[in-house]
Amino acid sequence: MADKSATLTIDGTEYELPVLSPTSGPDVIDIRKLYGQAGVFTYDPGFTSTASCDSTITFIDGDKGELLHRGYPIDQLAEKSHYLEVCYLLLYGELPTAEQLEDFETRVTRHTMIHEQMHNFFRGFRRDAHPMATMVGVVGAMSAFYHDSTDINDPWQREVASIRLIAKMPTIAAMAYKYSIGQPFVYPRNDLSYAANFVHMCFSVPAEPYHVDPIVARAMDRIFTLHADHEQNASTSTVRLASSSGANPFACIAAGIACLWGPAHGGANQACLEMLREIGTPDRIPEYIARAKDKEDPFRLMGFGHRVYKNFDPRAKVMKQSADEVLELLGIENNPTLQVAKDLEAAALADEYFTDKKLFPNVDFYSGIILEAMGFPTSMFTPIFALSRTIGWVSQWKEQLADPHHKIGRPRQLYLGDTTRDYIEIENR
Ligand code: CMC
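Within every chain, residues take consecutive numbers counted from 1 along the sequence as written. Reporting of local features is limited, given that this is a predicted model, to residues whose pLDDT is at least 70; pairs of side-chain atoms are given and counted only at 80 or more, and all residues count toward the totals for whole chains, interfaces and linings. Hydrogens and waters are ignored; side-chain quantities use all the structure's heavy atoms.

### Considering the overall build of the chain
Inference 1: Comment: elements are numbered from the N terminus, with helices defined as DSSP H or I runs of at least four residues and strands as E runs of at least two. A count of helices and strands for the chain gives 18 helices and six strands.
Inference 2: Burial here depends on accessible area, computed with a 1.4 Å probe over protein chains only, as a share of the maximum for the residue type. Under 20% is buried, over 50% is exposed, and the range in between is partly exposed. Split into buried and exposed, the 429 residues of the chain put 47% on the buried side.
Inference 3: Taking all contacts inside the chain whose residues are at least 6 apart in sequence as the whole, residues at least 24 apart take part in 69%.
Inference 4: Surface accessibility in these figures is a Shrake-Rupley result with a 1.4 Å probe; residues are shielded only by whichever protein chains are displayed. As displayed, the chain offers around 21,700 Å² of accessible surface, 52% of which is attributable to carbon and sulfur atoms. The contact rule is simple, with two residues in contact once any of their heavy atoms fall within 4.5 Å.

### Quick word on the nonpolar core
Inference 1: To define a nonpolar core, start from buried Ala, Val, Leu, Ile, Met, Phe, Trp, Tyr and Cys residues and group those joined through side-chain atoms within 4.5 Å. Core analysis: the biggest nonpolar cluster contains 113 residues, and Phe-198, Met-220, Met-275, Leu-301 and Phe-376 have the highest contact counts within it.
Inference 2: Per-element accounting of this core gives the leading share, 13 residues, to helix α7 (residues 155-181).
Inference 3: Apart from residues no more than four positions distant in its own chain, Met-275 is found in contact with Phe-299, Arg-300, Leu-301, Met-302, Leu-344 and Phe-365.

### Considerations on the site of the ligand
Inference 1: We call a residue near a given molecule or strand whenever any one of its heavy atoms falls within 4 Å of it. Around the ligand lies a shell of 22 residues, among which His-265, Leu-301, Gly-303, Arg-307 and Lys-357 are the nearest.
Inference 2: Here Lys-295 contributes a side-chain N or O atom positioned 3.2 Å from an oxygen atom of the ligand.
Inference 3: Summarising the interface, the protein chains cover 74% of the accessible area of the ligand, which totals 940 Å² for the free molecule.
Inference 4: Only Asp, Glu, Lys and Arg are considered charged in this grouping, and only Ala, Val, Leu, Ile, Met, Phe, Trp, Tyr, Cys and Pro are considered nonpolar; every other residue, Gly among them, is considered polar. Classifying every residue of the shell around the ligand gives 11 nonpolar, six polar and five charged. Two N or O atoms count as a polar contact when they lie within 3.5 Å, although within protein this holds only if one can serve as hydrogen donor and the other as acceptor, and sequence-adjacent residues are included solely when both atoms are side-chain atoms.

### Side note on the pattern of salt bridges
Inference 1: One side-chain nitrogen of Lys or Arg within 4 Å of one carboxyl oxygen of Asp or Glu is enough to make a salt bridge. Here the structure, examined in full by the defined rule, presents 18 salt bridges.
Inference 2: Between Lys-342 and Asp-324 there is a salt bridge, with its nearest N and O atoms 2.7 Å apart. Of this pair, Lys-342 sits in helix α15 (residues 336-349) while Asp-324 sits in helix α14 (residues 314-329), and the two are 18 residues apart along the sequence.
Inference 3: Relative accessible area serves as the criterion here: at 25%, Lys-342 is assigned to the partly exposed category.
Inference 4: The class of Asp-324 is partly exposed, set by a relative accessible area of 31%.
Inference 5: Here the residues in one salt-bridge network are Asp-103, Arg-107 and Glu-159, joined through shared partners.

### Here we look at helix α8 (residues 194-203)
Inference 1: With nine of its 10 residues buried, α8 lies for the most part within the structure.
Inference 2: Looking at α8, one finds that the buried residues are Tyr-194, Ala-195, Ala-196, Asn-197, Phe-198, Val-199, His-200, Met-201 and Cys-202.
Inference 3: Considering only its buried residues, α8 is in contact with α3 (83-92), α4 (98-109), α7, α9 (214-226) and α18 (381-402).

### Quick look at the sheet that holds strand β6 (residues 72-73)
Inference 1: We call two strands paired when DSSP finds no fewer than two bridges between them. Judged by pairing direction, the sheet is antiparallel, and its three strands sit side by side in the order β4-β5-β6 without closing on themselves. Here the strands that pair on one side only, and so sit at the sheet edges, are β4 (58-61) and β6.
Inference 2: Two strands pair when backbone bridges link them, and strand β5 (residues 66-69) and β6 are joined in this way by two bridges, in the antiparallel orientation. The residue bridging His-69 from the neighbouring strand is Tyr-72, located in β6.

### A short note on the pairing of strand β1 (residues 4-10)
Inference 1: Pairing of β1 with strand β2 (residues 13-20), which is carried by seven bridges, proceeds in the antiparallel orientation. Counted as the bridge partner of Leu-8 is Tyr-15 from β2.

### Observations concerning the side chain of Ser-149
Inference 1: For Ser-149, the position within the fold is in the loop between α6 (131-145) and α7.
Inference 2: For Ser-149, the side chain forms a polar contact with the side chain of Arg-164, separated by 2.7 Å.
Inference 3: If we ignore the near neighbours within four places in the chain, the residues touching Ser-149 are Gln-157, Val-160, Ala-161, Arg-164, Pro-249 and Phe-250.

### Overview of the pairing of β4
Inference 1: Pairing between β4 and β5: four bridges, direction antiparallel. Each bridged residue has a counterpart across the sheet, and for Thr-58 the counterpart in β5 is His-69.
Inference 2: Between β4 and β5, which pair antiparallel one after the other, the connecting turn spans four residues, and Gly-65 there sits at a positive phi close to 75 degrees.

Dropping the structure here:
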């Protein structure tokens, strides 16, 4: 029950609206009954002031630059935990005991292979397809292969679908990559960790043994962890909206992948590295800063700015530190792209345009440098984001379905088109 209320006055009539108080963050005005009572809609394209659901999974304080998963700060999780433990936390709400973690890891590991017939599905794509295009198609097609986990009303099937998605996404992403470079698919290895197995599936070939560098595996795991969830972002909201109609989990996650692909969202990591390469040398930075500030130029500084963070993205801080560590450990000295990134960050943060608008580096600013150092082509950056974010999508999907009050998502509109008019015969137009 709300213990506060807000009063809205329209044409002299007052309407009392309940105000809901969260455990953290701003209060929320409950307008669910507004249309029924007052006959008006609210208008908020881009959802800049709208809470679309309630959730207990992730909290962001954009002004402080804080990100919590089930209450645990992201920097602590990145430093002390690992991806599968964070998956457990997001999915079930608590950190696992050693026994629970072992059981969870076993369940995920046992589902890493994909149906053999799905290999043919990959082969239907052109070799030069972007791996995200392949992933949207293949993940959507999972609903055609795993019929026994598509009944969303059965909690056991929901659980199996969740585990399958977490387990198979690295296999699918690695296969999309292998297919694009014309190498044979590499089967998962269950003796490797989740992150090491992904690296193995991407970089090993059947012709010779391959050893996963533990430094690379650790860095990979950290990248997965930093991307695991981010409350009601565009792709997560897409998953929730798709799911609200009762669509099956694989179709919903495919919708999330499609949304993530865009350069304003997960596609920014690829766009950012391409931008850093294009800048090339620190002396060209002023030119790009000027372009980013020019309202006539559509160019934006990729990896900069965020709808919610009006301070440093806490993930970017960890990512920057990781970039330094990984490049040093891999013996990559004086990386020119990293130098351009650092100088660009410094130049932007010293510029009033960026400070006034509170534009700071986001998670995508440094991640590409690490992924490139590991040997990934830019086209794989967004698929890696997608596989990392799958746990977030799945956890939010599961939370939504467990809510007995959930409804189909059906926004309204401010209609500005023509009012009723009579059809005109073609010869009279
Ligand atoms: N470079 C230059 N100007 C920018 C940038 C940027 N990267 N980002 C925002 N602005 C300006 C924008 O032009 C606007 O100026 P004005 O008020 O004068 O019109 C102001 O800052 C507010 O921007 P907005 O587009 O209204 O803000 P938004 O919350 O709708 O957009 C964003 C957020 C992330 C889409 C945007 O900052 C952006 O396009 N950034 C570059 C792409 C990027 O790095 N995306 C990754 C986001 S983090 C990971 C993820 O979500 O997947």
